[in-house]
Protein chains: 2
Amino acid sequence: MSIEVDYRFPAGAHAEKLAKVIAVGQTVGSWDERWAEREASFRERLGQVTAIQTQDDGRNVATIAFPEANVEGDIASLLTMIFGKFSMAGVGKVIAVRLPLDYGTQPKFGISGIRSMLGLDDRPLVMAIFKPALGLSAADHAKIMAAVAPQGLDIIKDDEIMANLDSAPTMERLKACREVIDRTQDQTGKPLLYAVNVTGRADELITKARKLVAQGANALLLNVLTYGFSVLEALARDPEINVPIFAHPALAGAMCGAPNHGLSYRVVLGTLMAHAGADAVLYPAHYGSLPFEPAAEFAIRDALRDRNVFPVPSAGIHPGIVPMALRDYGQDVILNAGTGIMDHPQGAGAGVQAFFAALAQAQPGQKFVLENIGDGPLRSALEKWGVGE
Amino acid sequence: MSIEVDYRFPAGAHAEKLAKVIAVGQTVGSWDERWAEREASFRERLGQVTAIQTQDDGRNVATIAFPEANVEGDIASLLTMIFGKFSMAGVGKVIAVRLPLDYGTQPKFGISGIRSMLGLDDRPLVMAIFKPALGLSAADHAKIMAAVAPQGLDIIKDDEIMANLDSAPTMERLKACREVIDRTQDQTGKPLLYAVNVTGRADELITKARKLVAQGANALLLNVLTYGFSVLEALARDPEINVPIFAHPALAGAMCGAPNHGLSYRVVLGTLMAHAGADAVLYPAHYGSLPFEPAAEFAIRDALRDRNVFPVPSAGIHPGIVPMALRDYGQDVILNAGTGIMDHPQGAGAGVQAFFAALAQAQPGQKFVLENIGDGPLRSALEKWGVGE
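Residues numbered from 1 in each chain as written. Chains lettered and ligands numbered in written order. Predicted model: local features only at pLDDT ≥ 70, side-chain atom pairs only at ≥ 80, totals over all residues. Heavy atoms only, no water.

The helix and strand inventory of chain A stands at 16 helices and 12 strands. Projected onto its principal axes, the C-alpha coordinates of chain A cover approximately 80 × 45 × 35 Å. Expressed as a percentage of the 389 residues in chain A, the buried residues total 65%. For chain A, restricting intrachain contacts to residue pairs at least 6 apart in sequence, the fraction spanning at least 24 positions comes to 74%. As displayed, chain A has an accessible area near 13000 Å², and 48% of this comes from carbon and sulfur atoms. (Helix = DSSP H or I, 4+ residues; strand = E, 2+ residues; numbered from the N terminus. Buried < 20%, exposed > 50% of the residue type's maximum accessible area, 1.4 Å probe, protein only. Contact = heavy atoms within 4.5 Å. Areas by Shrake-Rupley, 256 points an atom, 1.4 Å probe, with all protein chains shown as cover.)

Residues and elements named next belong to chain B. What the four strands build is an open sheet, ordered E2-E3-E1-E4; its pairing is antiparallel. Lying at the two open borders of the sheet, with one neighbouring strand each, are strand E2 (48–54) and strand E4 (93–98). The sheet shows a mean angle of 20 degrees between the axes of neighbouring strands, taken without regard to direction. Two strands pair when backbone bridges link them, and E2 and strand E3 (residues 60–66) are joined in this way by six bridges, in the antiparallel orientation. Opposite Ala 51, over in E3, you have Thr 63 as the bridge partner. (Pairing = 2+ DSSP bridges. Axes fitted to C-alpha atoms, helices over the stretch in contact; angles between N-to-C directions.)

To continue, consider the relation of the copies chain A and chain B. Each of the two chain copies can be brought onto the other by rotation about an axis and movement along it. For the match of chain A to chain B, the screw axis carries a shift of 0.0 Å, the RMSD comes to 0.0 Å, and the turn is 180 degrees. These values place the two chain copies in the arrangement generated by a two-fold rotation axis. In terms of proximity to the rotation axis, the leading residue of chain A is A:Gly228, whose C-alpha is 2.0 Å off the axis. Same-surface contact between copies: 100% of interface residues of chain A are shared with the interface of chain B. (Least-squares fit on C-alpha atoms with pLDDT ≥ 70 in both.)

Listed by partner, the interface residues are 87 residues for chain A and 87 residues for chain B. Buried surface at the junction of chain A and chain B, summed over both partners, amounts to about 6700 Å²; 60% is from carbon and sulfur atoms. Together, A:Glu72, A:Met88 and A:Arg201 form the three largest contributors to the area buried by chain A at its contact with chain B, with a combined 12%. The interface formed by chain A and chain B contains six salt bridges. Put simply, A:Arg38 and B:Asp140 hold a salt bridge, and the shortest N to O gap is 2.4 Å. (Buried area = accessible area lost by both parts, 1.4 Å probe. Salt bridge = Lys/Arg side-chain N within 4 Å of Asp/Glu carboxyl O.)

Packing of helix H7 (residues 202–214) of chain A against helix H7 (residues 202–214) of chain B leaves a shortest axis separation of 10 Å and a crossing angle of 125 degrees. Regarding the angle of H7(A) to H7(B), the classification is oblique. Handedness of the H7(A)/H7(B) crossing: left-handed. Here A:Ala202, A:Asp203 and A:Ile206 of H7(A) lie close against H7(B), whose contacting residues are B:Ala202, B:Asp203 and B:Ile206. Tallied by class, the residues present in the contact of H7(A) with H7(B) amount to four nonpolar, no polar and two charged. (Parallel < 35°, antiparallel > 145°, perpendicular 65-115°, else oblique. Left-handed = near helix turned anticlockwise from the far one by under 90°. Nonpolar A, V, L, I, M, F, W, Y, C, P; charged D, E, K, R; others polar.)

Looking now at the side chain of A:Lys93. Residue and element names in this part refer to chain A. With respect to the helices and strands, the residue Lys 93 is situated in strand E4 (residues 93–98). For Lys 93, which is buried and forms no salt bridge, the nearest opposite charge comes from Glu 293, at a distance of 11 Å. A polar contact is formed between the side chain of Lys 93 and the backbone oxygen of Ala 258, at a distance of 2.6 Å. Among residues more than four places away in sequence, those in contact with Lys 93 are Asp 6, Tyr 7, Arg 8, Cys 256, Gly 257, Ala 258, Pro 259, Asn 260, His 261, Gly 262, Leu 263 and Ser 264. (Lys, Arg positive; Asp, Glu negative; His and termini not counted. Polar contact = N/O pair within 3.5 Å; in protein donor to acceptor, adjacent residues only side chain to side chain.)

This part takes up the UniProt feature "domain: Ribulose bisphosphate carboxylase large subunit C-terminal" (unreviewed entry) in chain A. Residue and element names in this part refer to chain A. Those places that UniProt annotates as "domain: Ribulose bisphosphate carboxylase large subunit C-terminal" (unreviewed entry) correspond, in this numbering, to residues 110–290 and 307–385. Segment residues 110–290 splits into 44% helix and 15% strand. End C-alpha atoms: 26 Å apart. The span residues 307–385 is 44% helical and 11% strand by assignment, and the distance between its end C-alpha atoms comes to 33 Å. (UniProt positions renumbered as here; feature names shortened; annotations may be inferred.)

Quick look at the domain arrangement of chain A now. Accessible area lost on assembly of the parts is the figure often given for the size of an interface. All names here are of chain A. Domain annotation of chain A identifies domain 1 (3–98) and domain 2 (110–385). Averaged C-alpha coordinates put domain 1 and domain 2 at centres separated by 36 Å. Facing 16 residues of domain 1, the contacting portion of domain 2 comprises 17 residues. For domain 1, the biggest contributors to the area lost against domain 2 are Ile 75, Lys 93 and Val 97; these three give 41% of the whole. At the boundary of domain 1 and domain 2, one finds zero salt bridges. Taken together, the elements giving at least two residues each to the side of domain 1 that touches domain 2 come down to helix H3 (75–83) and E4. In terms of residue count, E4 provides more of the side of domain 1 that touches domain 2 than any other element does, five residues in total. (Domains from an automatic or database assignment.)

Okay, the pairing of strand E3 (residues 60–66) of chain A next. Residue and element names in this part refer to chain A. For E3, the buried fraction is high: seven of the seven residues fall into the buried class. Of the two faces of E3, the one holding Asn 60, Ala 62, Ile 64 and Phe 66 and the one holding Val 61, Thr 63 and Ala 65 are both buried throughout. When strand E1 (residues 3–9) meets E3, the two strands line up antiparallel, connected through seven bridges. Each residue of the ladder has a partner; that of Asp 6, found in E3, is Thr 63. Here strand E2 (residues 48–54) folds back onto E3 in antiparallel fashion, the turn holding five residues, of which Gly 58 has a positive phi close to 90 degrees.

Before going further, it helps to spend a moment on the pattern of salt bridges. Two side chains with opposite charge may pair up if their charged atoms get near one another. With the rule as written, the count across this model stands at 40 salt bridges over all chains. As a salt-bridge pair, A:Arg123 and A:Asp154 come within 2.8 Å of each other at their nearest N and O atoms. Remark: A:Asp154 occurs in the loop between helix H5 (138–148) and strand E6 (155–157) and A:Arg123 occurs in the loop between helix H4 (110–118) and strand E5 (125–129); sequence separation between them is 31 residues. Neither A:Arg123 nor A:Asp154 differs from the other in exposure class; each is buried. Between B:Arg173 and B:Asp158 there is a salt bridge, with its nearest N and O atoms 2.9 Å apart. Of this pair, B:Arg173 sits in helix H6 (residues 170–188) while B:Asp158 sits in the loop between strand E6 (155–157) and H6, and the two are 15 residues apart along the sequence. Each member of the pair, B:Arg173 as well as B:Asp158, carries the same accessibility label: buried. When salt bridges with common partners are traced through the structure, they connect A:Glu4, A:Asp6 and A:Arg98 into a single cluster.

A separate point is the packing of aromatic side chains. Residue and element names in this part refer to chain A. Taken as a whole, this structure holds 12 aromatic pairs over all chains when the rule is applied. A centroid spacing of 6.4 Å and a plane angle of 80 degrees characterise the contact between Phe 9 and Phe 86, whose relative ring orientation is edge-to-face. Linking Phe 9 in strand E1 with Phe 86 in the loop between H3 and E4, this pair joins segments that are 77 residues apart in sequence. We note that Phe 9, like Phe 86, is buried. (Phe/Tyr/Trp six-rings, centres within 6.5 Å; stacked < 30°, edge-to-face > 60°.)

Right, let's talk about the environment of B:Val369 for a bit. Residue and element names in this part refer to chain B. Its place among the elements puts Val 369 in the loop between helix H15 (348–361) and helix H16 (377–385). By relative accessible area, Val 369 is classed as partly exposed at 40%. It is 9.8 Å that separates the C-alpha atoms of Val 369 and Gly 320, two residues lying 49 residues apart in sequence.

Given below as structure tokens:
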């Protein structure tokens, strides 16, 4: 099977010509009679323009089929081929990539594996983010953990900005939090995943990830786009990294946010993440704090779930949006809140309680009516953050 | 010293508000009285909006100073901080990043080191690219090498699309070409660098790079943006990788090409590459085949040379542009041609001769006049590709 890519060009751009430039220039390039004996070899490797369609808005979408033999089965060589040099050719946006099913790296855990680790197969998962993002000590992290873990929180993650800093070195954060996790699990029987942000230059990062797992990290967080897809793939294929990897979308807007340049969010946060071995992928929710189109969100959701990858709509999530999340996602979703848990008026523990109360009381697609909610953490949350949309 | 970043917002955007969102949201975030005892720690880590200037075109540029203590001294944690989540916030482009001098990774070789390897301190270097990009065998590469090496070529590189493919596995290309390089050097005394494209998932890539160097690779090519800055940094800091690293800009347009999103070419191909350990960086020349602004090109050039990194203006380079390249670059430049050497009417060897003839005869900034050029490779090249600009 070949690799199919849809490129969208603005109205007025010479789509046929540009598509030809891609099909040839991003594969073999030109040749002359000196290489006549290699003709067959070249032809096998050329891209083919298989369709050019004009949209209602006048923009054109060209589809190009690339031979799978041109790339290594990873994301980096794929990106180099489909958009490497051509990305600098002016305008044109990659809006879809269709890969063979077996292309790339499978998640080790994904939806089913994460559910199995948590012993939960019947509801959305609730995830928190340590906040404030910088300036807390490892002991502060443990203090937050002690507030949220006993409330039955499923997952917590570092803020993506929290690197291995003097104020709270990664290994110390893990150690301090792991004690709380173990103690809580002894008491409640409920496991909690802590996705530790793994950072560093590629070689150090991989070594550090192994060490974190060996020291008890039961999940990892990776800023895939600032470190590189090749780093995610290395972790996902590493037998010592036998924990789920949560992929953070930091920097995605730099390559996905523009109308006529780069790649679509669906491609980067959906297709490529899902073929690079992520177990769960964070991305902006359309009812959150970042401007994001519902269509983009749902395209990411579907690309992820097609490969058993957990969708994690994020940014500005609070209990008020739970009914909409249930409408849009059903059960296979991770509800991920930072300040929406940490800044709850009665504290982070109440923030977790508010989410579980919301899950218990929500009807999919039916906004909470404040007057119908009894006093308690959920009501406080709705009073603070509203009832969404 | 802090890290200063300039963000440009379109006319009409609320620059002051957005700048504040970045300074706070990309560092500590909000906090309340519960963390009163951490107040000092938070304040130390907040970004500061130090200037907002309105340009003549109505766009606003906000400058934000970030504490260096928030990041790890690498590019990935820097990118996560300065533009990670905010990149998804709508519009806003990073147009300049000013880093402390000692921030990041120094090139092992750079301009002076590459000159020293080649024993050349007094002229621009001439570099070729193997073409066609795909479909040649390792033996074909050796055949091309045998045509160009005896003509005194300084450097040759793989096409960036050429990964480790069955048709010409990387190690076989190296082995076949290395024999020709050694034989030629025995005869002529002149060394030639072959920048081998190193690919793979991050861990494999680093291992492969070490193996390539051990097997005689005297330079490496890396698609930094598709593999990740963290991979470049790992290679640049690896004591076994004691050869220059040529950084290719594949995918740069996806994050730099849009007017109001992403980061400027100067930042990505200049500042960040120069602080990530690249020895030489390729980027589009404004008189080449890609649409590129002279100002962007020269900003990259200066950012690289400030740190002893070799600028390699590329794409559509042929002998006719040599006078302009001398005007714009003087001696510290690598003239990098693919088809501009390989597709010379008298063959690739003549393509190299044409460049050296151009260097011998060119006056900086004075276009060649075809009638003044005697018969030979240079004249054939000028007849085919013109006299530039």
